Amino acid sequence: MDALTPQVWIQVGPLGITETVVVTAGLTVLLVGFGRVFTQIGWARDALEVIYEMVEGMLQEMVSVDVKPLVPLILTQWVFILAANLVGLLPIVASPTRDLSLTAALAVIAFGAAHVYGFRAQGFAYLRYYIQPNPIMLPFNLVGELSRTLALALRLFGNMVSGEIIAAIVVSLAGLLLPIPLMLLDVLTSVVQAYIFGVLTLVFTASAMQVATKSTPDTLQGSPP
Amino acid sequence: MMTPQDWITIVSIVMAGFAVAVGSIAPALGEAKALTQAMDAIARQPDAANSISRTLFVGMAMVESTAIYSLVIALVLLFANPLLP
């Protein structure tokens, strides 16, 4: 039982193309295709726009920055991770999020997004985020940045792989119908983890976007009269 | 006769169970505490139930990630043990 490494489906010379690559490529084509088709149909486009605005309002409630530029990123993450988690319910395919490579790539996207959007929001001043509340905190902030990216990757990976392993063990122990409640629990985990991944990306990105520019009043307050 | 490889296998399996058992105590207590506090807050302010439960979900996922770390360590010990060939 090789639970932690994905299966190699196609071998091209020394390069093994794993299940993860094939399934995520298929999902991407499918999702983009759905998007293209549904935006051409009038009523479907209206429905999608209503959903989009609902999501935008929901995200705006969570953070104090303007979320308009962030909605496409977060919504894409939600839709993609949810699809990637739930595709594991189909026979033959395993959910690609049980491969640490994919979740690490998604976490790196979240990590990069914080920097890109922070830079876009306020130029290089967003780097001041690292020396808050004072420059002594710089190493802690750096470690925090790395560990939260690692945590983002490991959380999704751990949740998905544990669900899959538990289902596999129960199937091998008990038989056909018993793992169904566990699979239902797995569906819940999939939805919640996709939601959380998006929300955490939003929170991290927003914190890079809204670096308080109040360093001057602070130093004024701190200096003796 | 036990070879060193056998000992490594035995210790790995025992410690994998131990890692999950010990590693899930603190997150379980933490999540229980967060849940009771959130229930309390919702009982006091039912209007804020939406934002409370949303924050609770995110916070719980972050607390739970500590348990997930020990699970990942246990899985590495069982399936990708660097000490075993």
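As the structure is a prediction and not an experimental result, all values here were calculated from the model.

*Asks:* Is there a simple way to explain helix α3 (residues 49-79) of chain B in this structure?
*Replies:* Along an α-helix, residues three or four positions apart point the same way, because every turn accommodates 3.6 residues. Spanning 31 residues, α3(B) covers 42 Å between terminal C-alpha atoms, matching the ideal 45 Å at 1.5 Å per step. Remark: the principal bend of α3(B), roughly 30°, maps to Thr66(B). The elements touched by buried residues of α3(B) are α2 (42-62), α5 (138-174) and α6 (180-209) of chain A together with α1 (4-23) and α2 (25-44) of chain B.

*Asks:* Would you take a moment to explain the packing of aromatic side chains for this structure?
*Replies:* Ring pairs (aromatic) are described by centroid distance and by the angle formed between their planes. All names here are of chain A. This model, assessed by the stated rule, comprises four aromatic pairs over all chains. Seen from their ring centres, Trp78 and Tyr195 are 5.6 Å apart, and the 20° between their planes marks the pair as stacked. Of the two residues, Trp78 is situated in helix α3 (residues 71-86) and Tyr195 in helix α6; the sequence distance between them amounts to 117 residues. Summarising the aromatic geometry, the rings of Phe119 and Tyr126 are spaced 6.5 Å apart at their centres and angled 85° between planes, so their arrangement reads as edge-to-face. In this structure an aromatic cluster arises from ring pairing among Phe119, Phe124 and Tyr126. Geometry around Tyr117 places Arg120 over its ring, the cationic atom sitting 5.4 Å from the centre. For Arg148, the ring lying beneath its charged end belongs to Phe204, and the centroid distance is 4.1 Å.

*Asks:* Would you mind showing me how to read the interface of chain A and chain B here?
*Replies:* Interfaces are often sized by the accessible area lost when the parts come together. The partner chain B presents 15 residues to the 21 residues of chain A that form the contact. Regarding the contact of chain A and chain B, the summed buried area is about 1500 Å², with carbon and sulfur atoms giving 77% of it. One can count one salt bridge joining chain A with chain B. Residue Glu61(A) is joined to Arg54(B) by a salt bridge in which the shortest nitrogen-to-oxygen separation is 3.5 Å. Where chain A touches chain B, the interface holds zero residue pairs in polar contact (both at pLDDT 80 or more). Within the residue set of the side of chain A that touches chain B, elements represented by two or more residues are α2, α5 and α6 of chain A. Broken down by element, the side of chain A that touches chain B gets its largest block of residues, nine residues, from α5(A).

*Asks:* In this structure, what is going on with the side chain of His115(A)? I would like to understand it.
*Replies:* Here His115(A) lies in helix α4 (residues 100-122). If we ignore the near neighbours within four places in the chain, the residues touching His115(A) are Tyr126(A), Tyr130(A) and Glu145(A).

*Asks:* What's the story with the nonpolar core in this structure? I'm lost.
*Replies:* Inside soluble globular proteins, nonpolar side chains tend to come together where they are buried. Formed by 36 residues in total, the largest nonpolar core has its most connected members in Leu59(A), Trp78(A), Ile81(A), Leu106(A), Leu152(A) and Leu202(A). Of all the elements in the fold, those that place two or more residues in this core are α2, α3, α4, α5 and α6 of chain A together with α3 of chain B. Broken down by element, this core gets its largest block of residues, eleven residues, from α6(A). Here Leu152(A) is in contact with Ala107(A), Ala110(A), Phe197(A), Leu200(A) and Phe204(A), once residues within four sequence places are set aside.

*Asks:* Where do I start with a nonpolar patch on the surface in this structure?
*Replies:* Residue and element names in this part refer to chain B. A cluster of nonpolar side chains, namely Met2, Trp7, Ile10, Val11, Val14, Met15, Phe18, Val22, Ile25 and Leu29, defines an oily patch on the protein surface of about 950 Å² accessible area. Put simply, the parts of the chain that give the nonpolar patch at least two residues each are α1 and α2. Top element by residues in the nonpolar patch is α1. It accounts for seven residues. Topologically, Ile10 is positioned in helix α1. For Ile10, a relative accessible area of 36% translates into the label partly exposed.

Definitions and cut-offs
- Residues numbered from 1 in each chain as written.
- Chains lettered and ligands numbered in written order.
- Predicted model: local features only at pLDDT ≥ 70, side-chain atom pairs only at ≥ 80, totals over all residues.
- Heavy atoms only, no water.
- Helix = DSSP H or I, 4+ residues; strand = E, 2+ residues; numbered from the N terminus.
- Expected span 1.5 Å × (residues − 1).
- Bend = angle between axes of the 7 residues up to and from the residue.
- Contact = heavy atoms within 4.5 Å.
- Phe/Tyr/Trp six-rings, centres within 6.5 Å; stacked < 30°, edge-to-face > 60°.
- Lys NZ or Arg CZ within 6 Å of the ring centre and 35° of its normal.
- Buried area = accessible area lost by both parts, 1.4 Å probe.
- Salt bridge = Lys/Arg side-chain N within 4 Å of Asp/Glu carboxyl O.
- Polar contact = N/O pair within 3.5 Å; in protein donor to acceptor, adjacent residues only side chain to side chain.
- Core = buried A, V, L, I, M, F, W, Y, C linked by side-chain atoms within 4.5 Å.
- Buried < 20%, exposed > 50% of the residue type's maximum accessible area, 1.4 Å probe, protein only.
- Patch = residues over 30% accessible without salt bridge, like charges linked within 9 Å, V, L, I, M, F, W, Y side chains within 5 Å.
- Areas by Shrake-Rupley, 256 points an atom, 1.4 Å probe, with all protein chains shown as cover.

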